[in-house]
Amino acid sequence: MTFDILTIFPRLFDGFCDQALIARAIKKKIIRLSPHNLRDWTHDAHRTVDGRPYGGGAGMVLMVEPIVHAVQELKKRHRSRVIVFSAKGKLFTQADARRLTRYEQLILICGRYEGIDERVAAFAADEEVSIGEYVLFGGEVPAMVVIEAVTRLLPGSIGKQKSLADESFGDAKGLAHQQLVAFVEYPHYTRPEKIKLGGKTRAVPKVLLSGNHAKIDAWRRQQSVRLTRRRRPELK
Ligand SMILES: C[S@@+](CC[C@H](N)C(=O)[O-])C[C@H]1O[C@@H](n2cnc3c(N)ncnc32)[C@H](O)[C@@H]1O
């Protein structure tokens, strides 16, 4: 899977590519990650990528031409998908991450300033994606979100592929009778078994120390359902 990222701040990806499991996925050739400077597709002395908004208003808008030319040049694979980031886009979910693993190349367009000329979403992108209902400075963090969410689903990118099976936002197979579309994961605990903080003692739930795996599985399923109903009513 190749990720081509179009940004005016390519160096934001330096640490992201160099560290932890993304660095390992690159080293193992599971993914290729190429941040590109959008200014490389400009033709004026100032390498201009933005302009004032038609109709007036605050801020600058990223221009359509450098982006369209960059996409045309970068689109090399047969199974490629172009994503433009915008707060008003469709909310990105785990189901989208799973769907995007089918492509060989993702071209990720990161906005800045007041946003991107609307014609990019209309003519150059396959989808307009938001990572949540808040406004960020730019599309670089959303690009990192999509890259991480997709990469960890690719075979070989995390140690135990089995740990993906019962993660949050899985397909709720084991919980089908609960009529949930998806679920959030049960809580985890590790050492120490008991801890005293601010005069209160907090202990690990007894069932997890029982060694009875059937009981532990049942408790975890019950916790998943309880937490999903309480915190994610939209998954019902
Ligand atoms: C400051 S924002 C522009 C916000 C825009 N004026 C609005 O009100 O929606 C600049 C860029 O950051 C990115 N961005 C900001 N928030 C985002 C979000 N929640 N999801 C995806 N991209 C986002 C987009 O690429 C956007 O073009």
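Within any chain, residue numbers begin from 1 and follow the written order of that chain's sequence. Note on the predicted model: pLDDT of at least 70 is required for a residue's local features to be given, and 80 or more for side-chain atom pairs to be given and counted; whole-chain, interface and lining totals, by contrast, use all residues. With hydrogens and water stripped out, all remaining heavy atoms of the structure feed into the side-chain values.

An unreviewed UniProt entry lists the protein under the name tRNA (guanine-N(1)-)-methyltransferase. UniProt positions are given in the numbering used here, feature names are shortened, and annotations may be inferred rather than shown by experiment. In the Subunit (unreviewed entry) part of its UniProt record, the protein is described as follows: "Homodimer." Per UniProt, the protein has the following entry under Sequence similarities (unreviewed entry): "Belongs to the RNA methyltransferase TrmD family."

A. Molecular detail of a nonpolar patch on the surface. On the surface, a cluster of nonpolar side chains totalling about 330 Å² of accessible area is made up of Y134, L136, V141 and V145. Numbering of helices and strands runs from the N terminus; a helix is a DSSP stretch of H or I covering at least four residues, while a strand is a stretch of E covering at least two. In this fold, L136 is placed in the loop between β7 (127-130) and α6 (140-151). Residue classification places L136 among the partly exposed positions, given a relative accessible area of 39%. The residues that make up patches have over 30% relative accessible area and no salt bridge, and they are joined within 9 Å when like-charged or within 5 Å when they are Val, Leu, Ile, Met, Phe, Trp or Tyr. A 1.4 Å probe and the Shrake-Rupley method give the accessible areas. Residues count as covered only by the protein chains that appear here. Any carboxyl oxygen of Asp or Glu that lies within 4 Å of a side-chain nitrogen of Lys or Arg is treated as forming a salt bridge with it. Think of it in three bands: with a 1.4 Å probe and only protein chains considered, a residue is buried below 20% of the maximum accessible area for its type, exposed above 50%, and partly exposed in between.

B. Local environment of the pairing of strand β9 (residues 200-203). As defined by bridge partners, strand β8 (residues 194-197) adjoins β9 across four bridges and the pair is classed as antiparallel. Across the sheet, K196 pairs through a bridge with T201, a residue of β9. In this analysis, strands are considered paired if DSSP registers two or more bridges between them. Between the antiparallel neighbours β8 and β9 lie two residues, among them G198 with a positive phi of about 55 degrees.

C. Spotlight on helix α7 (residues 213-231). Given the number of residues in a helix, its expected span is that number minus one, multiplied by 1.5 Å. With 19 residues, α7 should cover 27 Å at 1.5 Å per step; its first-to-last C-alpha distance of 26 Å lies within 8% of that length. Among the residues of α7, I216, W219, Q223, S224, V225, L227 and T228 are the ones counted as buried. Between a side-chain oxygen at the N-terminus of α7 and the backbone nitrogen of A214 the separation is 3.2 Å; the capping residue is N212. Any N or O atom pair separated by 3.5 Å or less is treated as a polar contact, with the protein-specific requirement of one donor-capable and one acceptor-capable atom, and with residues adjacent in sequence counted only for side-chain atom pairs.

D. Up close: the site of the ligand. The environment of the ligand is formed by 19 residues, the closest being F85, G111, E114, Y134 and L136. A distance of 3.5 Å separates a nitrogen atom of the ligand from a polar atom in the backbone of S86. The separation between a nitrogen atom of the ligand and a polar main-chain atom of L136 is 3.0 Å. Relative to its unbound accessible surface of 590 Å², the ligand loses 82% to contact with the protein. We define proximity as follows: a residue is near a molecule or strand when any one of its heavy atoms falls within 4 Å of that partner.

E. Quick look at the UniProt feature "binding site: S-adenosyl-L-methionine" (unreviewed entry) in the protein. Per the UniProt annotation, the sites labelled "binding site: S-adenosyl-L-methionine" (unreviewed entry) are G111, I131, G132, E133, Y134, V135 and L136. Residue E133 is classed as exposed on the basis of its relative accessible area of 75%. Residues are treated as being in contact if the distance between any of their heavy atoms lies within 4.5 Å. Not counting residues up to four positions away in its chain, the partners in contact with L136 are I131 and P142.

F. Region of interest: the packing of aromatic side chains. Think of it this way: a Phe, Tyr or Trp ring, Trp meaning its six-membered ring, pairs with another when their centres are within 6.5 Å, and the plane angle makes it stacked under 30 degrees, edge-to-face over 60, tilted otherwise. One pass over the structure, following the stated rule, counts one aromatic pair. Seen in terms of ring centroids, F13 and F16 are 6.3 Å apart; in terms of plane orientation they differ by 80 degrees. Their pairing is edge-to-face. Residue classification places F16 among the buried positions, given a relative accessible area of 13%.

G. View of the domain arrangement of the protein. Domain boundaries assigned for the protein yield domain 1 (2-151) and domain 2 (165-235). Its C-alpha centre places domain 1 at a distance of 35 Å from the equivalent point of domain 2. Either an automatic procedure or a domain database provided the assignment from which the domain bounds are taken.

H. Structural view of the nonpolar core. Remark: nonpolar core denotes a set of buried residues (Ala, Val, Leu, Ile, Met, Phe, Trp, Tyr, Cys) joined through side-chain atoms within 4.5 Å. Ranked by internal contacts, the top residues of the largest apolar core, which has 29 residues, are F3, I31, L33 and L108. Those elements giving two or more residues to this core turn out to be β1 (2-7), α1 (14-18), α2 (20-27), β5 (80-91), α4 (94-100), β6 (105-109) and α6. Per element, the largest residue contribution to this core is six residues, and it comes from α6. Non-local contacts of L33, meaning those with residues more than four positions away in its chain, are made with F3, I5, F16, C17, I22, I26 and I147. Residues I67, V84, I109 and V120 belong to the second largest nonpolar core, which totals 19 residues.

I. Looking closely at the state of the cysteines. A pair of cysteine sulfur atoms is labelled a disulfide when the two atoms are within 2.5 Å. Evaluated as defined, the whole model comprises zero disulfides. No disulfide involves C17; its sulfur sits 12 Å from the nearest other cysteine sulfur, which is in C110. What makes C17 buried here is its relative accessible area of 16%.

J. Unusual backbone geometry, seen in detail. For the peptide bond that leads from R191 to P192, omega is 0 degrees, which places it in the cis range. For P192, the location among the structural elements is in the loop between α6 and β8. If you check the backbone angles, K29 has positive phi at about 60 degrees while not being a glycine. Structurally, K29 can be placed in the loop between α2 and β2 (32-37). Of the residues examined, K29 reaches a relative accessible area of 74% and is grouped as exposed. In this structure, R47 takes a positive phi of about 50 degrees despite not being glycine. Mapped onto the elements, R47 comes out in the loop between β2 and β3 (50-51).

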